[in-house]
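Commentary on secondary and tertiary structure
Chain residues, written in single-letter form:
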Amino acid sequence: MSSHLLVFLLSATTATTVLAQESALEVSLAGIQHDRGSLRVGLYSDPKTFRKEAQAVAIQQVPASAGTVTVSFGALPPGRYAIMVYDDEDGNGELNRRFGMFPTEGYGLSNNPTVSGPPAFADSAFEVAAGAGTARISIDLRY
């Protein structure tokens, strides 16, 4: 019986340690121009998959609302992340582009970098520290 208790206590300690290292992320999306469609917020941890929504760590989708909207991601392990958000005005599940390059719907990136061409993970990357509680960032949408 004591061996079962020891295994239980070790498991509980390991789970508590892992949970203590995870943090939440609160993302404030500012500059939303209207209430059409929905905001799709992709969280990425790998430069190779940045902007590939199907390979995001997590996706949040919330109704668009003029002004500022906040979304949250919970239980994130410590690490380096980047976010791309877009206002899916027509509900087709993708960022519409003119000539395949120029966004025709509102979009934003973590760190609010100025970009010409496809945005890079490094320009949008930020750190989520272990056990930091809730990290907060703000992204300005551009239309």
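Overview of the structure. Keep in mind that what you see is a predicted model, and the values were worked out from it rather than measured.

What about the overall build of the protein chain?
- From N to C terminus, the protein chain includes 2 helices and 10 strands.
- Along the chain direction, N to C, the helices and strands of the protein chain fall in the order α-β-β-β-β-β-β-β-β-α-β-β.
- Every one of the 143 residues in the protein chain was classed for burial, and the buried ones make up 35%.
- Once local pairs closer than 6 in sequence are excluded, the contacts in the protein chain between residues at least 24 apart make up 71%.
- Accessible area of the protein chain: about 8100 Å², with a carbon and sulfur share of 55%.

Examining a nonpolar patch on the surface
- Together, Phe99, Met101 and Phe102 make up an exposed nonpolar region whose accessible area comes to about 400 Å².
- For methionine 101, the location among the structural elements is in the loop between strand S6 (97-98) and strand S7 (102-103).
- Methionine 101 gets classed as exposed once you look at its relative accessible area, which sits at 56%.

Things to note about the side chain of serine 124
- You can see serine 124 is positioned in helix H2 (residues 121-124).
- Sequence-distant contacts of serine 124, that is, excluding residues within four places in its chain, are made with Phe50, Tyr81, Ala82, Leu109, Ser110, Asn111 and Pro113.

So, the nonpolar core
- Counting residues in hydrophobic clusters, the biggest one holds 21 residues, and the most contacted among them are Leu25, Val27, Leu29, Leu39, Phe73 and Ile83.
- Other than its neighbours up to four places away in sequence, phenylalanine 73 contacts Ala24, Leu25, Val27, Val41, Leu43, Ala58, Ile59, Gln60 and Ile83.
- Judged by nonpolar contacts, the second largest core, of 11 residues, contains Tyr44, Phe50, Leu109 and Phe121.

Quick look at the sheet that holds strand S10 (residues 134-140)
- Strand order in this open sheet of 3 strands is S4-S1-S10, and the pairing throughout is mixed. Of all strands in the sheet, those bounded by a partner on one side alone are strand S4 (67-76) and S10. Sheet twist, expressed as the average angle between the axes of neighbouring strands with direction ignored, equals 20 degrees.
- As paired strands, strand S1 (residues 23-32) and S4 are joined by 7 bridges and run antiparallel to one another. When the bridges of S4 are listed, glutamate 26 appears paired with serine 72.

Some remarks on the pattern of salt bridges
- Summed over the entire model, instances satisfying the criterion amount to 4 salt bridges.
- The residue glutamate 53 makes a salt bridge to arginine 40 at a minimum N-O spacing of 2.3 Å. Of this pair, glutamate 53 sits in the loop between strand S2 (38-44) and strand S3 (58-63) while arginine 40 is found in strand S2, placing the two residues 13 residues apart along the sequence.
- Here arginine 80 and glutamate 127 are joined by a salt bridge, their closest N and O atoms 3.7 Å apart. Here the residue arginine 80 occupies a position in strand S5 (residues 79-88), and glutamate 127 occupies one in strand S9 (residues 126-128), the gap between them amounting to 47 residues.

Observations concerning the pairing of S2
- Burial analysis of S2 places 7 of its 7 residues in the buried class, which makes it a mostly covered element.
- With burial as the criterion, each face of S2 is covered, one bearing Ser38, Arg40, Gly42 and Tyr44 and the other bearing Leu39, Val41 and Leu43.
- Both S2 and S3 contribute to a ladder of 6 bridges, which runs antiparallel. Within the sheet, the bridge partner assigned to leucine 39 lies in S3 and is valine 62.

Describing unusual backbone geometry
- Positive phi, close to 50 degrees, is recorded for alanine 75, a residue that is not glycine.
- Its identity as a non-glycine residue notwithstanding, asparagine 112 has a phi of 50 degrees, on the positive side.
- Position of asparagine 112 among the secondary structure elements: in the loop between strand S8 (107-109) and H2.
- By relative accessible area, which is 27% here, asparagine 112 ends up partly exposed.

Conventions and cut-offs
The residue count restarts for each chain, going from 1 along the sequence in the order it is written. Under the rules for a predicted model, residues below a pLDDT of 70 receive no local features and side-chain atom pairs below 80 are neither given nor counted, while totals for whole chains, interfaces and linings still include all residues. Only hydrogens and water are set aside when side-chain values are computed; all heavy atoms of the structure are taken into account. Runs of E in the DSSP output that reach at least two residues are strands. Runs of H or I that reach at least four are helices, and both are numbered from the N terminus. Burial classes: relative accessible area under 20% of the type maximum marks a residue as buried, over 50% as exposed, and values in between as partly exposed (1.4 Å probe, protein chains only). Here, two residues are considered to be in contact whenever any of their heavy atoms come within 4.5 Å of each other. Surface exposure here means Shrake-Rupley accessible area, sampled with a 1.4 Å probe, where a residue is shielded only by the protein chains that are shown. Candidates for patches are residues over 30% relative accessible area with no salt bridge; among them, like charges are joined within 9 Å and nonpolar side chains (Val, Leu, Ile, Met, Phe, Trp, Tyr) within 5 Å. By definition here, a salt bridge exists when the distance from a side-chain nitrogen of Lys or Arg to a carboxyl oxygen of Asp or Glu is within 4 Å. In plain words, nonpolar cores are sets of buried Ala, Val, Leu, Ile, Met, Phe, Trp, Tyr and Cys residues tied together by side-chain atoms within 4.5 Å. Pairing between strands requires that DSSP locate at least two bridges from one strand to the other. Axis lines are fitted through C-alpha atoms, for helices just across the contact stretch, and the angle between N-to-C directions can take any value from 0 to 180 degrees.

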